[in-house]
Amino acid sequence: MADGAVSFLLLKLQTFASREWNLQENIRNGVHDLQIEMQSIEALMRDADAKKDHDHRIKVWIQEVRIQAHAIEDVLDLFRFQQDQESMWHHLKMRHPISNLIQDINTRLATIKKTNESYQSMASTSSSTTETNTYLNVRVAPLIIGTGGDKIVGMEEPKRKLVSWAMERNQKLKVMFVVGMAGLGKTTMARCVFEMVKQHYDCHAWIIASKSRTKTETLRSLLEELGCPREGSNKVTLSNRLQNFLQHKRYVIIVDDLWEKDVWESIKLALPDANNSRIIITTRRGDVANSCREDDSIDIHKLQPLSLECAEQLFSKKAFRGRCPSALKEVSKSILQKCEGLPLGIIEMGRLLSSKSATPYEWKKIHDSLESELKSGGGLSNTMNVLQVTRIYLTISNLSSGKVNIGSNFRLLKVLDIQGTPLGNFPSAITDLVLLKYLSLRKTNIRSIPKSLGKLRQLETLDLKQTRVKKLPESVLKLAKLRHLLVYSYNMGSVVSFDSVQGFSVSTKIGAMKNLQKLSFVRAKRQHRMIQELRNLTQLRKLGIPLELASMASNPPRFLQRLYLKGSLKTFPNWVSSLHDLVIIRLKWSSLSGDNPIEALQDLPNLMELQLLDAYTGTQLDFEANKFQKLKILDLEQLKQLGFIIMEDDTLPSLQKLIIRQCNELEQVPVGINNLRRLNELLLCDMPEKFVAQLKKKGSGLHHLVHRVSVIHSYQQGHLEEDLS
């Protein structure tokens, strides 16, 4: 439990102090204090580990330590940035010098230690204690609020619905994403539901899957929570152990604070799909929740801010233990507006004000100094942790003017997601966020990216999906830490056409970006040079390229996990068969005549999803015995000459979802489909009525071949035409 992030940071502080020998005295003293505080906290972690003290509150406390460790790293990075680019530093107009930032973190670390001491005190006594104004960090507060029988006003109805969902009987594994911005009470509600239903399951677990955790750490944490041995250093071993442990059990698992789809997918692949089990996932990322919604077993509940009536009721309960005095109504309403309907912010603000003198003068003074206290880390610092994080989401998500103004208190921002806003131009203020790691401008009207993007040297993800950007500046090559570069858009109609995917052009020197893991959809005029550059991207996991590039490649990045190929081909690239880590491949408009792509792909050991869109002009597809061992999703679209599909015994043993779209010459149901034991979803899209009629219960008598399939839907022009289940 003695966290690796803490140990690493202690080493980094020591190195920093020894190298930067000419530090100003106040900075040197601050760094020294940081070292002492972190050493003390590391010792507390080791003590907790020795005592096997692994309850939820201790784990959340450790998570807060991690957050502060990363904050210290930010300050060190910012100091180096100041040293390297003094002129830009002045341009940033930071409110606090480095020494003040270090002092703020030292104050928070001292508070974290006190929080740990209060946990120990709480654990050592069985008597109930009165509420205090002790600091509660953003992740601790919801857990404690949710375990004391404290009803959150305005949350009873969504909680009731979620409990009902968790208790209903359904053989399939069902998943619920609880989505909302920070402070809305996602964790609190999940905790209440968890405590109410967990006794009805064979086993249960609560894990935190925040940004600082790797997929392996998350799996190991889940095993530990379930009381299962967690030895093993790789995901495969841990996944197998988890699946074996849960195989015949009914389980409920809470995954709190999910940020990345990949983390959920690593968990999902290890979960048995049966036994009335339930998963509840809390996340701020609505885009992640939507991208995970693959079928009707996954649902999304979006939490909303409290209504004004409920907000006032909750605020009065915390601040006054009853009704608001008439003399304080006006100032209370103004303060409450700053909480923006967020339950956690209202609770923290109410608790703070309950300790103040209930006079208009005292409250007006707090109201007028609220912003400055929040920024300077004063008594309201915990409330602002909620409100600051939330305010940037609120400000951005409610944009109507198409402009972004970023205040000085957000200069240390690392994540900026302004997707879906009416922006027409790239906001110049963004390039001042020198520590930014994640930038999403998805679904905006931005047409171009400025050269100044190269200032964001810490950037790891640039998401420009569904924008009008067609070209990136040469300065993008300065983003040496960039891992995910996603620049493409879809022109979707009822029929998926060749030009439905629009990519982007980039410098042919892109091979210098050694850390790239996801790159799509790239175009190039100098194709031979681009192929040479792509070979240098050895870390690539996802690649989207036109097939004229693919046909020339002979030595692709060997760790590719996702491959999207678009365009005409004379022969299928033989190098694809060597990509043993490949999980997803989409082959579009290749119109292969001689080469059957099925033969080239059937032995890939980890392939889980295959899409063939106008990719083959042959009349028959044969799926041989014992092939495609892990394939779960098969999508066959616009195969215009396809007349027959043959599925031999023991082929596609893991297939769960089969999509057949606009294969107008397909005469009959795939032969052998009745042997696909795990198939639970069959989707027919824009298929001839003659074909669909075969699967009707009162049709030609072939419905018995798919009687095990729980979902059989026929669509026309994107609309559900008939349920054949």
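The sections below set out a description of the structure shown in this document. (Residues numbered from 1 in each chain as written. Predicted model: local features only at pLDDT ≥ 70, side-chain atom pairs only at ≥ 80, totals over all residues. Heavy atoms only, no water.)

**Concerning the overall build of the chain**
Then, number 1: Looking only at helices and strands, one finds 21 helices and 25 strands in the chain.
Then, number 2: Going through the 725 residues of the chain one by one, you find that 53% of them count as buried.
Then, number 3: In the chain, the share of contacts with a sequence separation of at least 24, taken over all contacts with a separation of at least 6, comes to 60%. (Helix = DSSP H or I, 4+ residues; strand = E, 2+ residues; numbered from the N terminus. Buried < 20%, exposed > 50% of the residue type's maximum accessible area, 1.4 Å probe, protein only. Contact = heavy atoms within 4.5 Å.)

**Here we look at helix H10 (residues 235-246)**
Then, number 1: With twelve residues, H10 ought to run about 16 Å at 1.5 Å a step, and its terminal C-alpha atoms sit 16 Å apart, in line with that.
Then, number 2: For H10, the full list of buried residues reads Leu238, Ser239, Leu242 and Leu246. Seen along its axis, H10 keeps its buried residues to an arc of 100 degrees; they face one direction. Projecting away from the buried face of H10 at angles above 90 degrees are the exposed residues Val236 and Asn244.
Then, number 3: Buried residues in H10 make contact with strand S2 (203-208), helix H9 (215-225), strand S3 (251-258) and helix H11 (261-268). (Expected span 1.5 Å × (residues − 1). Arc of directions from axis to C-beta.)

**Looking at helix H8 (residues 186-197)**
In an α-helix, one turn spans 3.6 residues; hence positions three or four apart end up facing the same way.
Then, number 1: Taking 1.5 Å of rise per residue, the twelve residues of H8 would be expected to cover 16 Å, and the 17 Å separating its terminal C-alpha atoms lies within 8% of that figure.
Then, number 2: Within H8, ten of the twelve residues are buried, leaving the element largely enclosed by the surrounding structure.
Then, number 3: Among the residues making up H8, those that are buried are Lys186, Thr187, Thr188, Met189, Ala190, Arg191, Cys192, Val193, Phe194 and Val197.

**A word on the packing of helix H14 (residues 329-339) against helix H15 (residues 343-354)**
Then, number 1: Contact geometry of H14 with H15 gives a least axis separation of 9 Å together with a crossing angle of 140 degrees. Considering their axes alone, H14 and H15 lie oblique with respect to each other. Here H14 and H15 pass one another in a crossing that is right-handed. On H15, the residues touching Ile335, Leu336 and Cys339 of H14 are Gly345, Ile346, Met349 and Leu353.
Then, number 2: Across the contact of H14 with H15, the residue classes break down as six nonpolar, one polar and no charged. (Axes fitted to C-alpha atoms, helices over the stretch in contact; angles between N-to-C directions. Parallel < 35°, antiparallel > 145°, perpendicular 65-115°, else oblique. Left-handed = near helix turned anticlockwise from the far one by under 90°. Nonpolar A, V, L, I, M, F, W, Y, C, P; charged D, E, K, R; others polar.)

**Observations regarding a negative patch on the surface**
Then, number 1: Together, Glu599, Glu624, Glu648, Asp649 and Asp650 make up a negatively charged patch on the protein surface.
Then, number 2: Among the secondary structure elements, Asp650 is positioned in the loop between strand S21 (644-647) and strand S22 (657-661).
Then, number 3: Here Asp650 falls in the exposed class, since its relative accessible area comes to 55%. (Patch = residues over 30% accessible without salt bridge, like charges linked within 9 Å, V, L, I, M, F, W, Y side chains within 5 Å. Areas by Shrake-Rupley, 256 points an atom, 1.4 Å probe, with all protein chains shown as cover. Salt bridge = Lys/Arg side-chain N within 4 Å of Asp/Glu carboxyl O. Lys, Arg positive; Asp, Glu negative; His and termini not counted. Charge placed at Lys NZ, Arg CZ, Asp CG, Glu CD.)

**A word on the nonpolar core**
Then, number 1: In this structure, Leu439, Leu472, Leu519 and Leu563 are the most contacted members of the largest nonpolar core, which totals 87 residues.
Then, number 2: Apart from the residues lying within four places of it in its own chain, the contact partners of Leu519 are Leu485, Phe504, Ile510, Leu534, Leu537, Leu540, Lys542, Leu543 and Gly544.
Then, number 3: If you look at the next biggest cluster of nonpolar residues, it comprises 32 residues, including Leu238, Ile253, Ile267 and Ile298. (Core = buried A, V, L, I, M, F, W, Y, C linked by side-chain atoms within 4.5 Å.)

**Some thoughts on the packing of aromatic side chains**
Then, number 1: Under the defined criterion, the tally for this structure stands at four aromatic pairs.
Then, number 2: When the centroid spacing of 6.2 Å and the interplanar angle of 80 degrees are considered together, the rings of Phe315 and Phe320 count as edge-to-face. Neither Phe315 nor Phe320 differs from the other in exposure class; each is buried.
Then, number 3: Ring centres 5.7 Å apart and planes at 55 degrees place the aromatic pair Phe623 and Phe628 in the tilted group. This pair shows no difference in class: Phe623 is buried, exactly as Phe628 is.
Then, number 4: If you follow Arg278 out to its NZ or CZ, it ends over the ring of Trp165, 5.5 Å from the centre. (Phe/Tyr/Trp six-rings, centres within 6.5 Å; stacked < 30°, edge-to-face > 60°. Lys NZ or Arg CZ within 6 Å of the ring centre and 35° of its normal.)

**What to know about the environment of Ser221**
Then, number 1: Tracing the backbone through its elements, the reader meets Ser221 in helix H9.
Then, number 2: The exposure class of Ser221 is buried, given its relative accessible area of 9%.
Then, number 3: Taking C-alpha positions, Ser221 is 6.7 Å from Ile207, a pair spaced 14 residues apart along the chain.

**Regarding the environment of Pro605**
Then, number 1: Among the secondary structure elements, Pro605 is positioned in the loop between helix H20 (597-601) and strand S18 (609-613).
Then, number 2: Since its relative accessible area comes to 38%, Pro605 is described here as partly exposed.
Then, number 3: A sequence separation of 23 residues divides Pro605 from Leu582, and the C-alpha atoms of the two residues are 8.1 Å apart.
Then, number 4: Those residues within four positions of Pro605 in sequence are excluded, and the remaining contacts are His580 and Lys630.

**Brief notes about the packing of H9 against H11**
Then, number 1: The N-to-C vectors of H9 and H11 enclose an angle of 45 degrees; their axes lie 9 Å apart at closest approach. The orientation of H9 relative to H11 falls into the category oblique. Between H9 and H11 lies a crossing of right-handed hand. Facing H9, whose interface residues are Lys215, Thr218, Leu219 and Leu222, H11 presents Asp262, Val263, Ser266 and Ile267.
Then, number 2: For the contact of H9 with H11, the per-class residue count stands at four nonpolar, two polar and two charged.

**Let's talk about the state of the cysteines**
Then, number 1: Per the counting criterion, the structure on display carries zero disulfides.
Then, number 2: Left without a disulfide partner, Cys203 is nearest to the cysteine sulfur of Cys228, which lies 9.7 Å away.
Then, number 3: For Cys203, a relative accessible area of 10% gives the class buried. (Disulfide = S-S within 2.5 Å.)

**A closer look at the side chain of Ser297**
Then, number 1: For Ser297, the location among the structural elements is in the loop between helix H12 (286-292) and strand S5 (298-302).
Then, number 2: Ser297 sits in the buried class, given a relative accessible area of 12%.

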